[in-house]
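# Close look at the chain arrangement
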Amino acid sequence: ADPAASFEDDERARGRYVPSVSVPVLFVVDEDESSLRLLERELDDRYGRSYRVVTAGAAEAALSELRGLAEAGEEVALVIAAQWMETMTGSELLEKVRGVYPQAQRALLIEWMTWGDRRTGEAVFRAMARRQIEYFLVRPSRTPDELFHQAVSTFLLEWSHARRLSPQTVHIVG
């Protein structure tokens, strides 16, 4: 059940006006079905009141869904893609996502401790240098995984700053 829809239904039942506004999307792409479900559950449990979690099990399906969301005028705040997929890498997918949603934050999902692996490390650095991704994100290893959520929250804060949805921070020195 969609918590936002439930809240809106309750407010309408009380006779209060509730504008029809869609919430931004957190989009996850991973070919590993169990990992995809874990990511969906983690994101929905923590961010489900303010964001809608959408998943795809393949890169091409993700691009199709993202294009559909763009055509419908939906906002996408964050796209998380597993690096090692069959038809294209996560960094290649996220480069294409940039063309559809240039404001969305893009995170490359990697396994715990693989950032030190030469192949993964080079893929992350190359993707960052080419501006295909903002940064990498380590796949959650348990629930709740607070390091994972800290990184996701940072991505969302950056997105909201870029969209000017959050207050600006002013530092006064002197």
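Reading the values: rules and limits
- Residues numbered from 1 in each chain as written.
- Predicted model: local features only at pLDDT ≥ 70, side-chain atom pairs only at ≥ 80, totals over all residues.
- Heavy atoms only, no water.
- Pairing = 2+ DSSP bridges.
- Helix = DSSP H or I, 4+ residues; strand = E, 2+ residues; numbered from the N terminus.
- Axes fitted to C-alpha atoms, helices over the stretch in contact; angles between N-to-C directions.
- Contact = heavy atoms within 4.5 Å.
- pLDDT = per-residue confidence, 0-100.
- Buried < 20%, exposed > 50% of the residue type's maximum accessible area, 1.4 Å probe, protein only.
- Polar contact = N/O pair within 3.5 Å; in protein donor to acceptor, adjacent residues only side chain to side chain.
- Left-handed = near helix turned anticlockwise from the far one by under 90°.
- Nonpolar A, V, L, I, M, F, W, Y, C, P; charged D, E, K, R; others polar.
- Salt bridge = Lys/Arg side-chain N within 4 Å of Asp/Glu carboxyl O.

Here we take up the sheet that holds strand E3 (residues 76-82). The sheet built from five strands is open, its strands ordered E2-E1-E3-E4-E5 with parallel pairing. Since the sheet does not close on itself, it has two edges, and those belong to strand E2 (52-56) and strand E5 (135-138), each with one partner. The mean inter-strand angle of the sheet, taken between neighbouring strand axes irrespective of direction, is 25°. When E3 meets strand E4 (residues 105-110), the two strands line up parallel, connected through five bridges. The residue of E4 that forms the bridge with Val79 is Arg106. Along the sheet, helix H4 (residues 90-100) makes contact with strand E1 (25-29), E3 and E4, crossing E4 at roughly 170°. Contacts from helix H6 (residues 146-162) reach E1, E3, E4 and E5, with the element oriented near 150° to E5.

A separate point is the confidence of the model for the protein chain. Overall, the prediction assigns the protein chain a mean pLDDT of 84, with 81% of residues at 70 or greater. Mean pLDDT in the protein chain bottoms out at helix H1 (residues 3-13), which sits at 58, and peaks at E1, which reaches 98.

Moving on: the side chain of Arg106. Positionally, Arg106 belongs in strand E4. On the basis of relative accessibility, which here comes to 2%, the residue Arg106 falls in the buried class. Polar side-chain contacts of Arg106 include one of 3.3 Å to the backbone oxygen of Ala104. For Arg106, the contacting residues outside a window of four places in its chain are Leu78, Val79, Leu94, Val97, Arg98, Arg131, Gln132, Ile133, Glu134, Tyr135 and Phe155.

This part is about the packing of helix H2 (residues 33-47) against H6. Between H2 and H6, whose axes approach to 11 Å, the crossing angle comes to 65°. Considering the relative orientation of H2 and H6, their crossing is right-handed. Contact with H2, carried on its side by Leu39, Glu42, Leu43, Arg46 and Tyr47, involves Glu146, Phe148, His149, Val152, Ser153 and Leu156 of H6 and no other residues of that element. Considering only residue class, the contact of H2 with H6 consists of six nonpolar, two polar and three charged.

What follows is about the pattern of salt bridges. Applying the stated criterion across every chain yields a total of eight salt bridges. A salt bridge links Arg37 to Glu33, with the nearest nitrogen and oxygen atoms 2.8 Å apart. Residue Arg37 and its partner Glu33 are both found in helix H2; the two are separated by four residues, about one turn of the helix. For Glu33, a relative accessible area of 46% puts it in the partly exposed group. A salt bridge links Glu146 to Arg46, with the nearest nitrogen and oxygen atoms 2.8 Å apart. Residue Glu146 is located in helix H6, and its partner Arg46 is located in helix H2; the two are separated by 100 residues in the primary sequence. Classification of Glu146 by relative accessible area gives partly exposed; the value is 42%. A residue is classified by how much of its surface remains accessible, and Arg46, at 38% relative accessible area, is partly exposed.

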